[in-house]
Amino acid sequence: MKSEDTEHTGQTEHAGQPEPAERTVHTDPATEAFVAHRNLLFTVAYEMLGSAADAEDVLQETWLRWAGVDLAAVRDRRAYLVRITTRQALGRLRTLGRRKESYVGSWLPEPLLTTPDVAEDVELADSVSMAMLLVLETLAPTERAVFVLREVFDVGYDEIAEAVDKNPAAVRQIAHRARAHVAARRPRGAVSAAETRDALDAFRRAVETGDLQGLLDVLAPDCVLLGDGGGVKQAVLRPVVGADKVARLLRGGLGRLTAEVSLRPAEVNGRPALIVRLDGALDTVLAVRIDDGLITGLYAVRNPEKLSYMDDATALRR
């Protein structure tokens, strides 16, 4: 049995013996390539699915197929891995669509606590924001794959065609259609992290003080609140529309709580967001959409199954 000192220092009973020489670990080329591009592949899958858990499953499936590939016949390993990931994600996306049909209440993307460098890449941060992921939800599966690969990762049309089993001409048409669809629904103008942070700070102060007018000042007249409890936690089952309704719901709901409530800022999906804790326990991730300096969308994720990626920051890559 280890002594108390041993447990705290991490030393073993054999600490007095010389340490073995460091071993050089050799990995095979397939593993090296997969590990080198893993964060990129996760980002591709996550942007296509809006679910980190499903993205991880896609990466497992990608690895199983990649491990059986003859690397000598692969010209571009990155492109080949992206192709496998895209195909697996497309299959998973269709399955996920059937699950959403029976989902209780609104389905929101799974939030990710992200590393600071994600926010620094403005295009990446925009593409993984909760607002953009919800826009991508309105695309058909193939449209979503084409848009993500072309607009976010700048993949060539020929490579995309191989990934989605279409000819390049068809892919160009799909890309044009998806681009127009997204442009009509995405936030109306580029929003800086500072602008989002200012709006969130004003929102947080108003919520914490119960300032109804303060909430109305920061919420756009057509503001929409979506809640995702997954049938496990209480949440609004349908969108709440209008600044007055949203403000009164928030003030009334928090006023009825007996637990100690804290709202703290965090970087979620590359954007400033708020983490709501009740008696110190993570309860809700609150992301926002900002248009013209006002909050037009509030996205409250409460489903515990969707909060497992809020403990440690996730590295995303393009």
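As the structure is a prediction and not an experimental result, all values here were calculated from the model.

Asks: I'd like to hear about the pairing of strand β1 (residues 219–228), residue by residue, with values.
Replies: Of all 10 residues in β1, seven are buried, a share of seventy percent or more. Pairing geometry for β1 and strand β6 (residues 294–301), over six bridges, is parallel. Paired with L225 across the strands is L298, a residue of β6. Direction of pairing for β1 relative to strand β2 (residues 240–241): antiparallel, over a ladder of two bridges. Residue pairing across strands places L225 opposite V240, the latter belonging to β2.

Asks: Before we move on, could you go through unusual backbone geometry and cite the residues and values that matter?
Replies: One non-glycine residue, N269, adopts positive backbone phi at about 50°. Relative to the helices and strands, N269 resides in the loop between β3 (261–268) and β4 (271–278). Here the phi dihedral of D292 falls at roughly 55°; this positive angle occurs in a residue that is not glycine. Residue D292 is classed as exposed on the basis of its relative accessible area of 66%.

Asks: How would you explain the sheet that holds β3 if you had to name every residue and give the values?
Replies: Ordered in space as β2-β1-β6-β5-β4-β3, the six strands form an open sheet in which the pairing is mixed. Two strands lie at the open edges of the sheet, namely β2 and β3, each paired on one side alone. Bridge count between strand β5 (residues 281–291) and β6: seven bridges; the pairing is antiparallel. Among the inter-strand pairings, D291 is bridged to a residue of β6, identified as L294.

Asks: Lay out helix α3 (residues 52–66) in plain terms, naming residues and giving numbers.
Replies: Each full turn of the α-helix corresponds to 3.6 residues, which orients residues three or four apart in the same direction. For α3, spanning 15 residues, the distance from its first C-alpha to its last is 20 Å, which sits close to the expected 21 Å at 1.5 Å a residue. Buried residues of α3: A52, D54, A55, V58, L59, T62 and W66, and no others. End-on, the buried residues of α3 take up no more than an arc of 150°, which puts them together on one face. Residues Q60 and L64 are exposed on α3 and point more than 90 degrees away from its buried face. In this fold, the buried residues of α3 make contact with α2 (29–49) and α4 (77–101).

Asks: How would you summarise the environment of R188 if you had to cite specific residues and measurements?
Replies: One can find R188 in the loop between α10 (168–183) and α11 (193–209). On the basis of relative accessibility, which here comes to 56%, the residue R188 falls in the exposed class. Sequence spacing of R188 and V246 is 58 residues, and the spatial spacing of their C-alpha atoms is 21 Å. With sequence-adjacent residues up to four places away left out, R188 is seen in contact with R289, D291, D292 and T296.

Asks: Go over the pairing of β5 with me, naming the residues and quoting the values.
Replies: Remember that side chains alternate between the two faces of the sheet whenever the strand is regular. Along β5, nine of the 11 residues are buried, which leaves the element largely enclosed by surrounding structure. Relative to β5, β4 is paired through five bridges, and the arrangement is antiparallel. Paired with I275 across the strands is V285, a residue of β5. From the end of β4 to the start of β5, which pair antiparallel, there are two residues, and D279 there has a positive phi angle of about 50°. Linking β5 to β6, which pair antiparallel, is a turn of two residues; within it D292 sits at a positive phi near 55°.

Asks: Summarise the packing of aromatic side chains; cite the residues concerned and give the values.
Replies: When we look at a pair of aromatic rings, we describe it by the centre distance and by the angle of the planes. The tally for this structure, following the rule as stated, stands at three aromatic pairs. With a centroid separation of 5.9 Å and 50° between ring planes, the pair formed by W66 and Y80 is classed as tilted. Separated by 14 residues along the polypeptide, W66 in helix α3 and Y80 in helix α4 bring together distant segments of the chain. The residue whose ring lies beneath K100 is W107, and the NZ or CZ to ring-centre distance is 4.0 Å. Residue placement shows R150 over the ring face of Y157; its charged tip is 4.2 Å from the ring centre.

Asks: Hey, could you go over the packing of α4 against helix α9 (residues 157–164) for me, with residue numbers and the actual values?
Replies: At a closest axis distance of 8 Å, the pairing of α4 and α9 adopts a crossing angle of 40°. In terms of their interaxial angle, α4 and α9 are classed as oblique. Once α4 is placed against α9, the crossing between them reads as right-handed. Packed against α4, whose contacting residues are A79, R83, T86, R87 and L90, the element α9 presents E159, E162, A163 and V164 at the interface. Classifying every residue of the contact of α4 with α9 by side-chain character gives four nonpolar, one polar and four charged.

Asks: Explain the nonpolar core residue by residue, including any values.
Replies: Core analysis: the biggest nonpolar cluster contains 55 residues, and F42, W66 and L136 have the highest contact counts within it. For this core, the elements supplying multiple residues, two or more each, are α2, α3, α4, α6 (122–128), α7 (130–136), α8 (141–152), α9 and α10. Of all the elements, α2 adds the most residues to this core, at 11 residues.

Asks: Go over α8, please, and point to the residues and values.
Replies: Its 12 residues give α8 an end-to-end C-alpha distance of 16 Å, which sits within 8% of 16 Å, the value for a rise of 1.5 Å per residue. Within α8, nine of the 12 residues are buried, which leaves the element mostly enclosed by the surrounding structure. Taken together, the buried positions of α8 are T142, E143, R144, A145, V146, F147, V148, L149 and V152. Lining the buried residues of α8 we find α2, α4, α6, α7, α9 and α10. Just beyond α8, the residue with positive phi is D154, at close to 55°.

What counts, and where the lines are drawn
Residues numbered from 1 in each chain as written. Predicted model: local features only at pLDDT ≥ 70, side-chain atom pairs only at ≥ 80, totals over all residues. Heavy atoms only, no water. Buried < 20%, exposed > 50% of the residue type's maximum accessible area, 1.4 Å probe, protein only. Helix = DSSP H or I, 4+ residues; strand = E, 2+ residues; numbered from the N terminus. Pairing = 2+ DSSP bridges. Expected span 1.5 Å × (residues − 1). Arc of directions from axis to C-beta. Contact = heavy atoms within 4.5 Å. Phe/Tyr/Trp six-rings, centres within 6.5 Å; stacked < 30°, edge-to-face > 60°. Lys NZ or Arg CZ within 6 Å of the ring centre and 35° of its normal. Axes fitted to C-alpha atoms, helices over the stretch in contact; angles between N-to-C directions. Parallel < 35°, antiparallel > 145°, perpendicular 65-115°, else oblique. Left-handed = near helix turned anticlockwise from the far one by under 90°. Nonpolar A, V, L, I, M, F, W, Y, C, P; charged D, E, K, R; others polar. Core = buried A, V, L, I, M, F, W, Y, C linked by side-chain atoms within 4.5 Å.

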